[in-house]
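# Results of the structural survey
Take a look at the letters that make up each chain.
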Amino acid sequence: MSKDTLTITDNRTGRTYEVPIESGTVRAMDLRSIKVSDEDFGLMSYDPGYMNTASCKSTITFTDGDKGILRYRGYPIEQLAQHSSFLEVAYLLYFGTLPEPDEFVRWDHGIRYHTMIHEGIKQFLNGFRYDAHPMGILVSTVAALATFYPESKKVFDADVRRIQFYRLVAKMPTLAAFAYRHRMGMPYVYPDNSLGYAENFLNMTFHGSEPSSTRPPDFEHSPVLARALDTLFLLHADHEQNCSTSSIRMVGSAQTDPYTAVSAAAAALYGPLHGGANEAVLRMLKEIGSTAGVPEYVKQVKAGERKLFGFGHRVYKSYDPRARVIKTCADKVFEVMGRNPLIDVAIELERIALEDEYFIKRKLYPNVDFYSGLIYEAIGFPTEMFPVLFAIPRTPGWYSQWQEHLTDPDQKLARPRQIYLGETVRDVPRRDG
Ligand code: CMC
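Residues numbered from 1 in each chain as written. Predicted model: local features only at pLDDT ≥ 70, side-chain atom pairs only at ≥ 80, totals over all residues. Heavy atoms only, no water.

### Concerning the site of the ligand
As a reminder of what qualifies: By convention in these notes, a residue is near a molecule or strand provided one of its non-hydrogen atoms lies within 4 Å of it. In the analysis that follows, any N or O atom pair within 3.5 Å is treated as a polar contact, provided that within protein one partner can donate a hydrogen and the other can accept it, and provided that, for residues neighboring in sequence, both atoms belong to side chains. Computed with a 1.4 Å probe, the accessible areas rest on the Shrake-Rupley method; for each residue, only the protein chains presented here act as cover. Residues were grouped as follows: Ala, Val, Leu, Ile, Met, Phe, Trp, Tyr, Cys and Pro as nonpolar; Asp, Glu, Lys and Arg as charged; and all remaining residues, including Gly, as polar.
Every one of the 19 residues lining the ligand counts as a neighbour, but His274, Lys307, Leu308, Gly310 and Arg314 are closest to it. A distance of 2.8 Å separates an oxygen atom of the ligand from a polar atom in the backbone of Gly310. Side-chain polar atom of Arg314 to an oxygen atom of the ligand: 2.8 Å apart, as the coordinates give it. Protein coverage of the free-state accessible area of the ligand, which is 940 Å², stands at 71%. Within the shell around the ligand, the residues separate by chemical class into nine nonpolar, five polar and five charged.

### Observations regarding the packing of aromatic side chains
To describe a pair of aromatic rings, one takes the distance between the centres and the angle between the planes. Here is the rule: For Phe, Tyr and Trp, rings pair up if their centres lie within 6.5 Å, where Trp contributes its six-membered ring, and each pair is then called stacked (planes under 30 degrees apart), edge-to-face (over 60) or tilted (otherwise). Numbering of helices and strands starts at the N terminus; helices are DSSP runs of H or I of at least 4 residues and strands are runs of E of at least 2. The buried label goes to any residue with under 20% of its type's maximum accessible area, the exposed label to any with over 50%, and the partly exposed label to all in between, with areas taken from a 1.4 Å probe on protein chains only.
Taken as a whole and judged by the stated rule, the model has 27 aromatic pairs. Aromatic side chains Tyr91 and Phe95 sit 4.4 Å apart centroid to centroid with 40° between the ring planes, which places their arrangement in the tilted category. Highlighted residues: Tyr91 and Phe95, both in helix H2 (residues 86–95), separated by four residues, approximately one helical turn. Judged by relative accessible area, Phe95 falls into the partly exposed class, the value being 33%. Both rings, one in Phe201 and one in Phe233, keep their centres 6.2 Å apart while their planes meet at 45°; by these two values the pair is tilted. Taken together, the positions of Phe201 in helix H7 (residues 197–206) and Phe233 in helix H8 (residues 223–235) put the pair 32 residues apart, joining distant regions of the chain.

### Observations regarding the nonpolar core
For clarity, the cut-off: We call a set of buried Ala, Val, Leu, Ile, Met, Phe, Trp, Tyr and Cys residues a nonpolar core when their side-chain atoms join them within 4.5 Å. Domain delimitation in this document rests on an assignment produced automatically or drawn from a domain database. By definition in these notes, contact holds between two residues if any of their heavy atoms fall within 4.5 Å.
In this structure, Phe201, Leu285 and Phe381 are the most contacted members of the largest nonpolar core, which totals 114 residues. Broken down by element, the residue count for this core peaks at 12 residues, all from helix H6 (residues 158–184). Inspection of this core shows a minimum of three residues originating in each of domain 2 (73–271 + 383–395) and domain 3 (277–377). Ignoring any residue separated from it by four or fewer positions in sequence, one finds Leu285 in contact with Leu342, Val345, Ala346, Leu349 and Leu374. Ranked by size, the runner-up nonpolar core spans five residues in total, among them Ile8, Tyr17, Val19 and Leu31.

### Description of unusual backbone geometry
Generally, phi is negative for residues other than glycine and the peptide bonds are trans, each holding for most cases. Positive phi, close to 40°, is recorded for Glu240, a residue that is not glycine. Here Glu240 lies in the loop between H8 and helix H9 (243–252). Positive phi values are uncommon outside glycine, yet Lys363 reaches one of about 55°. Here Lys363 shows up in the loop between helix H15 (357–361) and helix H16 (369–379).

### Side note on the domain arrangement of the protein
The line we're drawing: By definition, the buried area sums, over both parts, the 1.4 Å-probe accessible area that each loses when the two are put together. A side-chain nitrogen of Lys or Arg and a carboxyl oxygen of Asp or Glu constitute a salt bridge if their distance falls within 4 Å.
According to the domain assignment, the protein contains domain 1 (5–50), domain 2 (73–271 + 383–395) and domain 3 (277–377). Using C-alpha coordinates to define each centre, domain 2 is positioned 26 Å away from domain 3. Each side of the interface is counted separately: domain 2 has 26 residues, and domain 3 has 24 residues. Here domain 2 meets domain 3 over a buried area of about 2000 Å², counting both sides, of which 72% is carbon and sulfur. Together, Leu232, His239 and Phe386 form the three largest contributors to the area buried by domain 2 at its contact with domain 3, with a combined 30%. There are one salt bridge connecting domain 2 and domain 3. For the salt bridge of Glu384 with Arg283, the shortest nitrogen-to-oxygen distance reads 4.0 Å.

Following this line, the structure appears as structure tokens:
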């Protein structure tokens, strides 16, 4: 008998089955032949929240939650954060290799060339209420891009896919900045393609709005802030099969165009348990107010009355490696912008939580969202912009995963099964007269 198999005995029938094991998994479809009778549908696996189900094979991102490892295409996240830029990483995720210098020049030029959005999008933006949440605006406007680029429907054309990749990576910051300006009632600032990716985004967002008390006069071009934002973008670029990435794979399996598919991923990201957590962290820290409020808050978390946002992760059962890098970014930003007083509350919260049996037992550690919001706030972004700041850099990750799914011969239209527990069949009551 081959060693790479699983032998299953069905105690209902006494029959034995041998199922192949490949890369540490068994195929759920192999369970289907396990039946009690010919009419039986066959055995299924039940896995709410996909806690133990591999939905795809991937070569993009590797995580080891117990060891706190994150690698893009084999490169450790810490090394990329130190030596690479967000755009290099976006290239890496999509094309599979880090760009050579001449490749990078062409790639960078291509991104700068595609930053403009059609003027029609501005009309669309103006339809939103003055206080519309920028993530709601982003989700809608990125979907609207599909109507401006109808050729994007040709999802099996590799050249078409590549052009939409350039467009999406380039236009997300523009859409995000315009969403912010709309909310602030400020005129839109067009992309300045002489600026780098993060710098351009900062300029489109804040140009002409610097309150001199909180921001240095050369705010738009502060290399420290642009570099910090670029690093944060790089750290958020992909994270294998999370909720939003699984969403884009699922939507993409219906061969939907990439703009609509990215919009679906952004919608998933919006939720407070996923990309909305950085917003929730800031609200939580503000509510706690000072280090004196930390013990009471932790008590409420342990009593199950509250959640400690920015803590815990489905994958990481040790310190999130992204959180470590972000902590060092925070210090650099605070040097330029002044120290965010809430950092003391965050540090105290982390200190108490990491010593507490409740968090130790459940392996709850700070995740990527715990410190990122403090940096965003120090730069001057309102909390509503935080999930938007997650969606911009996650776009190359989503797109690369969407493409991988689409071109994987193993994949089909995603369509899970259910365990139906409702009424079997009953007649509609007659209500005559
Ligand atoms: N605060 C307090 N208790 C928690 C927390 C938390 N943040 N996270 C998990 N727990 C407890 C939970 O109550 C449960 O306790 P018990 O065993 O007594 O019932 C135990 O830890 C296991 O939790 P779980 O809900 O089964 O774990 P999960 O893997 O389903 O949850 C999570 C992962 C991220 C949804 C959860 O940790 C959470 O809600 N964290 C706060 C939100 C957050 O920061 N999300 C951002 C995640 S990182 C960004 C991203 O990649 O999306």
